[in-house]
Amino acid sequence: MNVADSQRVASALERLGYQAAAYPDQADVIVLNTCVVRQSAEDKAVGHLTSLRPLKVRNPRLVINLMGCLVGVKGYERLKQRFPFVDVFSPPSDPGPLLAYLTQDDSRLLEQAETQRRFELMDGELVLPAGERGRLVAAHVPVVLGCSHACTFCIIPYRRGVERSRHVGDIVAEVRSLAAQGVKEITLLGQIVDRYGKDVPDGPNLAALLRIIHEIEGLERIRFLTSHPNWMTDDLLEAVAELPKVMPHIEVPVQAGDDQVLENMKRGYGAEDYCRLVEKIRRQVPGVSIATDVIVGFPGESQEQFQRTYDLLADLKLDVAHLARYSPRPGTVAERRLPDDVPDEEKWRRFRLLEEMQEGIAAEISAVYLGKMVDVLFEEKVRGRWKGRTTTNKLVFVETEEELRGQMRSVQITWTGPWSMQAALPPRAGNNLPLNLASLPLTPAD
Ligand code: SF4
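About the thresholds
Residues numbered from 1 in each chain as written. Predicted model: local features only at pLDDT ≥ 70, side-chain atom pairs only at ≥ 80, totals over all residues. Heavy atoms only, no water. Near = heavy atom within 4 Å. Nonpolar A, V, L, I, M, F, W, Y, C, P; charged D, E, K, R; others polar. Phe/Tyr/Trp six-rings, centres within 6.5 Å; stacked < 30°, edge-to-face > 60°. Helix = DSSP H or I, 4+ residues; strand = E, 2+ residues; numbered from the N terminus. Buried < 20%, exposed > 50% of the residue type's maximum accessible area, 1.4 Å probe, protein only. Axes fitted to C-alpha atoms, helices over the stretch in contact; angles between N-to-C directions. Parallel < 35°, antiparallel > 145°, perpendicular 65-115°, else oblique. Left-handed = near helix turned anticlockwise from the far one by under 90°. Contact = heavy atoms within 4.5 Å. 1 Å grid on protein atoms, 1.4 Å probe; cavity = no way out; pocket = protein on both sides within 12 Å on 5 of 7 lines; lining within 4 Å. Points joined across faces, edges and corners; volume = space filled by probe spheres on them. Arc of directions from axis to C-beta. Polar contact = N/O pair within 3.5 Å; in protein donor to acceptor, adjacent residues only side chain to side chain.

(A) Representation of the site of the ligand within the structure. With respect to spatial proximity, the complete set of residues near the ligand consists of Cys147, His149, Ala150, Cys151, Phe153, Cys154, Ile156, Pro157, Gln191, Ile192 and Arg267. Grouping the amino acids of the shell around the ligand by side-chain chemistry returns eight nonpolar, two polar and one charged.

Put into structure tokens, the structure is as follows:
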């Protein structure tokens, strides 16, 4: 979500005539977009912000904009006192305060008519920042902003506000514009993305939105995240199974495998419900990959309760588990009402146990790909190797001098590890190997 928000700010600044600077000390405006989902992220944001103060001292005309979840949606008086060198505070997803600040000051005001002309040209669509135009292969498009669920550990509803679905017309215009700018893969975003449209009477739901976006020319892949176990409908799974551009990959957090812990988190489902859901997803979308999130060391989590989480992950053998150690976020229900009573070393121990087991599961799942042909959409070159993803969101690297950016290619997997794979391009047509790509399986799932 923050990547998408940052692109939006960069794009809005370019419309005002700004360009990206290579280093902070060359910039006229610095936007620090922040995440506070964990304490470590918040500490990092505060560290970065503090490191900007000397720049402001050297150059008082420098505009520093603090944006995102550190600011939140409920006022920023305390932050203003703590960081007096910050000029503008913006809530998540909202470039408005920065734009208003930049255009209110006469000495900074660009030619109004020119600005207006540019806005008209853009016609409300998202234009990628210059550095990414024609180069960005996969982009994120927020479709639901905020969250009204209020899980007890989570700070997001306090920082990103109540749930709001974007208008379908705006989303389609944005995706169409991104496709025209060379983007091949879109990920639709929401804190609970499958609740898309629930707050709009008679509006389309996520399944219908997928069907609409599926028709956009130039777009090759569609993903969506994050789902919530209570909102994953048959209708949505049918759309995933039926629509060839919608990738068979579902991100649906479980958070814990024990019912009491889930109740304390106010997640709204039990461990059995989650297992049934995984079974259903696998039945309805053959070959699907599933990713989950887990928090260890939630207040009151006993060894037995943790063991249930361990057993659940061991049984389900999901493709990916994003693991986190619980850290109390100020202002949340858990922070106010539930003592953070699992010692740090114990949180680490539980974390490592899950990490080790999940590494084994991921390695097993990846090994099935060895020798297979898979479709990979290549995004960028990283340290001399092309990086892309399979339909199931597995990372694949290929070493070649060929230009692969934005290309969908069938490649043969030559090495697999838990977190990534290596592959080779098939020999070009015209040599005498009897390789008929059309007859080879596209993914192990196929
Ligand atoms: S559903 Fe997700 S974003 Fe919403 S409160 Fe729960 S964890 Fe936070």
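(B) Spotlight on the packing of aromatic side chains. Scanning the model with the defined rule gives six aromatic pairs in all. With a centroid separation of 4.7 Å and 15 degrees between ring planes, the pair formed by Tyr76 and Phe89 is classed as stacked. With Tyr76 in the loop between β2 (63–68) and α3 (77–82) and Phe89 in strand β3 (residues 88–90), the pair connects residues that are 13 residues apart, well separated along the chain. A relative accessible area of 33% places Tyr76 in the partly exposed class. Residue Phe89 is classed as buried on the basis of its relative accessible area, which comes to 5%. Centroid distance Phe298 to Tyr326: 5.2 Å. Interplanar angle 70 degrees. Geometry classified as edge-to-face. On the criterion of sequence distance, the pair formed by Phe298 in the loop between β10 (289–296) and α12 (303–316) and Tyr326 in the loop between β11 (320–325) and α13 (333–337) is long-range, its members being 28 residues apart. Side by side, Phe298 and Tyr326 carry an identical accessibility label, which is buried.

(C) Highlighting the packing of α12 against helix α14 (residues 344–367). Interaxial distance between α12 and α14 falls to 10 Å at its minimum, and their mutual angle equals 15 degrees. Relative to α14, the element α12 is oriented roughly parallel. Between α12 and α14 the crossing geometry is right-handed. Residue-level inspection shows Gln303, Phe306, Thr309, Tyr310, Leu313 and Ala314 of α12 in contact with α14, the latter providing Glu346, Arg349, Arg350, Leu353, Leu354, Met357, Gln358 and Ile361. For the contact of α12 with α14, the per-class residue count stands at eight nonpolar, three polar and three charged.

(D) Region of the structure containing the layout of surface pockets. Of the voids in this model, the second largest pocket is the one considered here, and its volume is about 760 Å³. What lines the second largest pocket is a set of 27 residues, and nearest its centre among them are Leu13, Ala20, Ala21, Val29 and Val31. Secondary structure elements with two or more residues in the lining of the second largest pocket: α1 (2–15), β1 (29–34) and α2 (39–58). Considering each element in turn, the lining of the second largest pocket owes the most residues, six residues, to α1. For the lining of the second largest pocket, the residue count by class is 17 nonpolar, seven polar and three charged.

(E) Geometry of helix α8 (residues 206–214). Those residues of α8 not exposed but buried are Leu206, Ala207, Leu209, Leu210, Ile213 and His214. Down the axis of α8, the buried side of the element spans an arc of 160 degrees, and every buried residue falls inside it. Elements that come into contact with the buried residues of α8 comprise α7 (168–180), β7 (185–189), β8 (221–225) and α9 (234–242). If you check the start of α8, you find a side-chain oxygen 3.2 Å away from the backbone N of Ala207, and it comes from Asn205.

(F) Highlighting unusual backbone geometry. Between Leu225 and the following residue, Thr226, the backbone shows a cis peptide bond with an omega angle of 5 degrees. Considering the arrangement of structural elements, one finds Thr226 in the loop between β8 and α9. In this structure, Ser93 is a non-glycine residue whose phi angle is positive, near 70 degrees. Here Ser93 is to be found in the loop between β3 and α4 (96–104). The phi dihedral of Asn393 falls on the positive side, at around 75 degrees, and the residue is not glycine. Summarising the element assignment, Asn393 is placed in the loop between β13 (385–389) and β14 (395–398).

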